[in-house]
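Spelled out from the first residue to the last, the chains are:
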Amino acid sequence: MNHLKAAKVAIVLLFVALLCVPLAMKRWSRPTGGADLGQAVALARYGFHLKEVAHAAGIDFVHRAPTLDPKLAHVMPQVASFGAAVSVVDVDRDGWPDLYVTNSGEGSQNALYRNLGDGTFRNIAAELGLADVNRTGTGVSMGAVWGDYDNDGYEDLFLVKWGRPELYHNDRGRGFTRVSEQAGLPAWINANSAIWFDYDGDGLLDLFVAGYYPDDLDLWHLKTTRVMPDSFEYATNGGRKYLFHNLGGGRFEEIGERVGLNSRRWTLAAAAADLRGTGRQDLFVANDYGVSELFVNDGKVFREVGKESGIGFAPKSGMNASFGDVLNEGRLGVYVSNISEDGILIQGNNLWMPVEAKAGELKFENQAREFGVELGGWSFGAQFGDLNNDGLVDLYLTNGYISLDKQSSYWYDFSKVAGGNSAIIGDAKNWPGFNGRSLSGYQAKRLWLNDGAGRFADVAPLVGVTDRHDGRAVALADFGNRGVLDVVVANQKGPLLLYRNTVAAGRHWIAFDLEGTTSNRSAIGAQVTLYWNHQKRVQVVSGGSGFAAQNDRRLHFGLGPKAQVEKAEIRWPSGRVQTLTAPHIDAINKIKEPT
Amino acid sequence: MTTPIADFSPALPTEPTWRQRLASLDSPYVVPVFITMVLVVGQLSFGFLESASRTFLAISVAIGVELLLGRLLLGKWQHPASAYVSGISVGILVRSPAFWPFALCAALSICSKYVLRYRGRHLWNPSNFGISALLFLGGEMVGSLSIQWGNHVWAMLVIWVLGAFIIWRLRRFHITATYVLAFICYAGLRSWYTGATFESEISPVTGPMYQLFIFFMITDPKTTVKTRRGQCLVAFAVATVEAVLRLAQVVYAPYYALFFVGPTALMLETWWAARSELRDASAAPVGSPARGVS
């Protein structure tokens, strides 16, 4: 009897202890709080500090959202929640990276901020013909990617739109000519992402454009309100995928379906890199309302290997695709952002780390939780970069969906409808009105610092990232040619932010500015593996990555305080492998592909 | 949800053959088999599990705790079917990238059966308790926005038809029917009151979370009252409380409604039965045996 009593008491205690576990976990996993430590303390503690300087740098850009068909008025904050994008380009080849930022209000102006080299910028979009691109009837901007499609040495612009996609030829940095019709682009695509990459290695940049809303919808003149995804996690009624094969002479041929890019998922992000060492760039696609897709490039056709590679299960809301060599292994992982809302929807972001696989095959495991980069709110754009030059890539993530009334939330109505049948959720008229409520708004950003041992720690507020805007796109670039990565963030219906970075003294770096000859001149797709201090890290020149973003094409490597660089190995898109012995550190190495 | 499966079987004078039990759907394995089929088909067609390993963890913990507590407190090894259903429910309904919520929810669910008792009955449907407690206490790490069936009509119809048939054969369809009818009526009322469309108000009941809720959770024999009329009344009360919680925009209204209404009804029934017995006993002539006592 005593034994039974003791057992009963023990089980009651166990039960109480179990009830306390969630409370303890909540306390333990609370995100980093605190205020900006200030530059001196942050430099001493973390090796860097960020200061938001957009206004001081001459940037006063505020994004405007589109106003779509009145039939969608009650859910306008949700259906028109994209469009703030930013891309980095040296538009005039003066050696200073410039900024192009999109606007999405009808009749609003995009901006091209020319880097004046003294820490300030000047908007020259109107002078160059790249401002007035959101005219009523032509759709509005959703993103911009730059690539030298005709190999004339100047980066050309593809403007991603809900509307008429536009290609602008860069006339030697002095102006732009609209060449959309000559290029053979379709009349209308409702796209949110596009990337330049040379899929067939012919030295000419091709263009991948991923539809979000179906292409037959003019979102300003709708015949139906059945415009929503038919499932929250398995939707396949989105826009089509296009691959515009560059034929040369300024002409493109659309071959998406022919080469196996036949998905109709709701794509929000894409990035390309040679993930298998085949010399061909594979295509990673992050989809809203569903699983991500990985299209491996077999030279002439693509094969979707999402399930085989491990990424094609557990559908979420993919909104970002960026590559990073997290452990300095010479292998790229992929970061995909999703939705996490306390107490309602915990999807968790994905850090797809490569694991051992048979030759020619790809296997990934989601290790976001293990690395501590899983929970980032309603996450959007993210980029890897060594922000404190310690020799390890860190991760900057912006977030926040719709910030309206702080006291009321749309989450109840969102969850009520999102779990229902496709006949209900697919029709916008069934979605309750927003009525000024927020949906995952005013969120704290994440800046995860890599410890090199498999853990990241969020230090965002401590190093100066304290904004609570509805972040969308993040791009990294060394705007001052100082050997440090600055951060630029485009916010939906919010200001463009420029975080100027200060890094503690004594930390070395190296950068590579590549120019293709046999390969495409932008060198997009080129991979640089740097060997230093008995470790190696790979980076790829990107034709677009993250969410609605493009980093500087120049590749920046932090090296830490005692840097001994052994070599840099460049795998050009042409297949040529070039080895640079002991390249200059604390310098930008300009490298032209050997012919 | 965590149906003590054996309770679905009426007491029979002789042990039926497994063929007879299967034909009558009185087998203790019907519900586990059905929910396993749902799980396997869903996983193969949609890959809907958070991960198979997390679901396996939930099932393992549920069965392990059941066996352990049964042995410690009752001195016997409990049949694992009930714990299996609890574990599988937790695996489907809990949404978290972490492993610990699955293990914790399964352990809480089973523990509640042994700890939260009133006059010899456990009060909460175990997985309802586990999930409600987890969502309430640990909501920052856990969700249960369950959309794993892909929101497609055919999947919904298959589950509805099969689930309704099984529940009907188990003589508990009236509970499900009462709840669904009440839900639809309240959806109409909410639509009228809030101005939201009727479709948006009935949307939840067309989703997979509710399919599990209405077929397994609210029909759990161990945690429902005994009379048919009482069962209908409780189902109606659950829908009523849920409607109120929905007006207050509580995301997990159905879980919380059952969490409050189910145990309250059971306690009332148990208290009333005990009171009646006491009254009968005191009213009986001296020397005559009290009812139920031979």
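Residues numbered from 1 in each chain as written. Chains lettered and ligands numbered in written order. Predicted model: local features only at pLDDT ≥ 70, side-chain atom pairs only at ≥ 80, totals over all residues.

Draft legend 1. Molecular detail of the overall build of chain B. Counting secondary structure elements, chain B contains twelve helices and two strands. Looking at the 294 residues of chain B, the share that counts as buried comes to 51%. Of all intrachain contacts in chain B linking residues separated by at least 6 positions in sequence, the fraction that spans at least 24 positions is 70%. (Helix = DSSP H or I, 4+ residues; strand = E, 2+ residues; numbered from the N terminus. Buried ≥ 20, exposed ≤ 12 C-beta atoms within 10 Å, placed from the backbone. Contact = placed C-beta atoms within 7 Å.)

Draft legend 2. Quick look at the overall build of chain A. Summing up its helical and strand segments, chain A has nine helices and 40 strands in all. For a compact globule of 595 residues, the expected C-alpha radius of gyration is about 25 Å, and chain A comes in at 24 Å, within 12% of that figure. By principal-axis analysis of the C-alpha atoms, chain A measures approximately 90 × 65 × 50 Å. Relative to its 595 residues, chain A shows a buried fraction of 58%. Within chain A, contacts between residues at least 6 apart in sequence are counted, and of these 63% link residues at least 24 apart. (Rg over C-alpha atoms; globule rule 2.2 N^0.38 Å.)

Draft legend 3. Spotlight on helix α5 (residues 100–115) of chain B. With 16 residues, α5 of chain B extends 21 Å between its outermost C-alpha atoms, agreeing within 8% with the 22 Å of an ideal straight helix rising 1.5 Å per residue. Buried residues dominate α5 of chain B, accounting for 15 of its 16 residues. (Expected span 1.5 Å × (residues − 1).)

Draft legend 4. Quick peek at the sheet that holds strand β40 (residues 588–592) of chain A. Residues and elements named next belong to chain A. Strand order in this open sheet of three strands is β37-β33-β40, and the pairing throughout is mixed. With partners counted over all chains shown, the strands left at the sheet margins are β37 (555–560) and β40, one partner each. Strand-to-strand twist of the sheet, defined as the mean angle between neighbouring strand axes without regard to direction, takes the value 20 degrees. Where strand β33 (residues 508–515) lies against β40, five bridges are found, and the strand directions are parallel. Counted as the bridge partner of Phe512 is Asn589 from β40. (Pairing = 2+ DSSP bridges. Axes fitted to C-alpha atoms, helices over the stretch in contact; angles between N-to-C directions.)

Draft legend 5. View of the pairing of strand β3 (residues 98–101) of chain A. Residue and element names in this part refer to chain A. Burial along β3 is two-sided: the residues Asp98 and Tyr100 and Leu99 and Val101 are all buried. Sheet topology places β3 next to strand β4 (residues 111–115); three bridges connect them, and they run antiparallel. Within β4, the position partnered with Leu99 by the bridge is Tyr113.

Draft legend 6. Here's a closer look at the interface of chain A and chain B. Contacts between chain A and chain B engage 46 residues on the former and 47 residues on the latter. Elements with a minimum of two residues in the side of chain A that touches chain B: α1 (2–28), β21 (345–346), α8 (411–418) and α9 (422–425) of chain A. Broken down by element, the residue count for the side of chain A that touches chain B peaks at 13 residues, all from α1 of chain A. The residue inventory of the side of chain A that touches chain B, partitioned by class, reads 27 nonpolar, ten polar and nine charged. (Nonpolar A, V, L, I, M, F, W, Y, C, P; charged D, E, K, R; others polar.)

Draft legend 7. Molecular detail of the environment of Ala103 of chain B. Residues and elements named next belong to chain B. With respect to the helices and strands, Ala103 occurs in helix α5. Between the alpha carbons of Ala103 and Val90 there is a distance of 8.9 Å; along the sequence they are 13 residues apart. Contacts of Ala103, omitting those with residues within four sequence positions, involve Leu57, Ala58 and Val61.

Draft legend 8. Just the packing of α1 of chain A against α5 of chain B, in detail. Two elements in contact, α1 of chain A and α5 of chain B, have axes whose closest approach is 10 Å; the angle formed by their N-to-C orientations is 150 degrees. By the criterion of interaxial angle, the relationship of α1 of chain A to α5 of chain B is roughly antiparallel. The two elements α1 of chain A and α5 of chain B cross, and the hand of that crossing is left-handed. For the pair α1 of chain A and α5 of chain B, the contacting residues are Ile11, Val12, Leu14, Phe15, Leu18, Val21, Pro22 and Met25 of chain A in the first and Trp100, Leu104, Ala107, Leu108, Cys111, Tyr114 and Val115 of chain B in the second. Across the contact of α1 of chain A with α5 of chain B, the residue classes break down as 15 nonpolar, no polar and no charged. (Parallel < 35°, antiparallel > 145°, perpendicular 65-115°, else oblique. Left-handed = near helix turned anticlockwise from the far one by under 90°.)

Draft legend 9. Looking closely at the confidence of the model for chain B. All names here are of chain B. Predicted confidence across chain B gives a mean pLDDT of 82, with 80% of residues reaching 70 or more. In this model residues 1–13 is a low-confidence stretch, pLDDT under 50, and it forms 43 contacts with partners more than four residues away in sequence or in other chains. In this model, residues 289–294 is a region of pLDDT below 50 whose contacts with residues beyond four sequence positions or in other chains number six contacts. For this predicted complex, the interface score ipTM comes out at 0.84, while the overall pTM is 0.91. (pLDDT = per-residue confidence, 0-100.)

Draft legend 10. Representation of the sheet that holds strand β35 (residues 535–540) of chain A in the model. All names here are of chain A. Here four strands make up an open sheet; going across it, the order is β35-β34-β38-β39 and the pairing antiparallel. The sheet is open, and its two edges are formed by β35 and β39 (577–581), each paired on a single side. The sheet shows a mean angle of 15 degrees between the axes of neighbouring strands, direction not considered.

Draft legend 11. Focus on the environment of Ala359 of chain A. In this structure, Ala359 of chain A sits in the loop between β22 (350–354) and β23 (364–366). Residue classification places Ala359 of chain A among the exposed positions, given that 6 C-beta atoms sit within 10 Å.

Draft legend 12. Region of the structure containing the environment of Phe136 of chain B. Relative to the helices and strands, Phe136 of chain B is located in helix α6 (residues 126–137). For the pair Phe136 of chain B and Tyr252 of chain B, spaced 116 residues apart in sequence, the C-alpha to C-alpha distance is 9.3 Å.

Draft legend 13. Spatial organisation of the pairing of strand β30 (residues 471–477) of chain A. Residues and elements named next belong to chain A. Burial analysis of β30 places seven of its seven residues in the buried class, the great majority of the element. The pairing of β30 with strand β31 (residues 486–491) spans six bridges and is classified as antiparallel. When the sheet's bridge partners are listed, Leu476 is paired in β31 with Val487.

Draft legend 14. Examining unusual backbone geometry more closely. All names here are of chain A. Positive phi values are uncommon outside glycine, yet Arg93 reaches one of about 55 degrees. In this fold, Arg93 is placed in the loop between β2 (86–89) and β3. Its identity is not glycine, yet Lys493 carries a phi of approximately 50 degrees, on the positive side. Turning to its location among the elements, Lys493 is positioned in the loop between β31 and β32 (497–503). Lys493 sits in the buried class, given 21 other C-beta atoms within 10 Å.

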